[in-house]
Amino acid sequence: MSYDPYEQLANAIVKQAVTYYKNAHKTLKIRPKDRDAMYTTKEVIAFFRSDYFKVLTSIDPELLISKLRKEFE
């Protein structure tokens, strides 16, 4: 098993985006009209669908979005 710092960085970026989404979604459950949380969820979804995300990972963005949404149903 080799250590690839670029892969580790890419994984950390994706994980942080997931964390931002989850935190924003939790905030929206408490305060449904929180503008910052709404903005964050939209921005994270846009990131997941971006070309940059495709460069970072081979994860299917729509599958990831679907799993995150189901987590909060």
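Residues numbered from 1 in each chain as written. Predicted model: local features only at pLDDT ≥ 70, side-chain atom pairs only at ≥ 80, totals over all residues. Heavy atoms only, no water.

A.B. asks: Got a minute to help me understand the side chain of Thr41 in this structure?
C.D. replies: Note on placement: Thr41 falls in helix H2 (residues 35–48). Beyond its immediate sequence surroundings of up to four residues, Thr41 is in contact with Tyr21, Ala24, His25 and Leu28. (Helix = DSSP H or I, 4+ residues; strand = E, 2+ residues; numbered from the N terminus. Contact = heavy atoms within 4.5 Å.)

A.B. asks: Can you help me understand the nonpolar core in this one?
C.D. replies: As a rule of thumb, soluble globular proteins bury nonpolar side chains together. Grouped together as the largest cluster of nonpolar side chains are 15 residues, with contacts concentrated most on Tyr21, Phe47, Phe48, Phe53, Leu64 and Leu68. Every element with two or more residues in this core is listed here: helix H1 (5–30), H2, helix H3 (51–56) and helix H4 (61–71). Look past the residues within four positions of Leu64 in its chain and what remains in contact with it is Val18, Phe48, Phe53 and Ile59. (Core = buried A, V, L, I, M, F, W, Y, C linked by side-chain atoms within 4.5 Å. Buried < 20%, exposed > 50% of the residue type's maximum accessible area, 1.4 Å probe, protein only.)

A.B. asks: Please clarify how the packing of aromatic side chains should be interpreted in this entry.
C.D. replies: Each aromatic ring pair is summarised here by two numbers: the centre-to-centre distance and the angle between the ring planes. According to the stated counting rule, one finds 5 aromatic pairs in the structure shown. Measuring from centroid to centroid gives 6.5 Å for Tyr21 and Phe72, while their planes differ by 65°, and the two rings are edge-to-face. On the criterion of sequence distance, the pair formed by Tyr21 in helix H1 and Phe72 in the segment after H4 is long-range, its members being 51 residues apart. With relative accessibility at 3%, the residue Tyr21 sits in the buried group. Residue classification places Phe72 among the buried positions, given a relative accessible area of 13%. Among the aromatic side chains, those forming a connected cluster through ring pairs are Phe47, Phe48, Tyr52 and Phe53. (Phe/Tyr/Trp six-rings, centres within 6.5 Å; stacked < 30°, edge-to-face > 60°.)

A.B. asks: Looking at this model, I keep getting lost on the pattern of salt bridges. Mind explaining?
C.D. replies: A side chain with one charge may pair with a side chain of the opposite charge, provided their charged atoms come close. All chains considered together, the criterion is met by 4 salt bridges. Glu71 serves as the salt-bridge partner of Lys22, at 3.4 Å between the closest nitrogen and oxygen. With a gap of 49 residues between them, Lys22 in helix H1 and Glu71 in helix H4 connect regions that are remote in the sequence. Arg31 is the partner of Asp34 in a salt bridge, and the nearest nitrogen-oxygen pair spans 3.3 Å. (Salt bridge = Lys/Arg side-chain N within 4 Å of Asp/Glu carboxyl O.)

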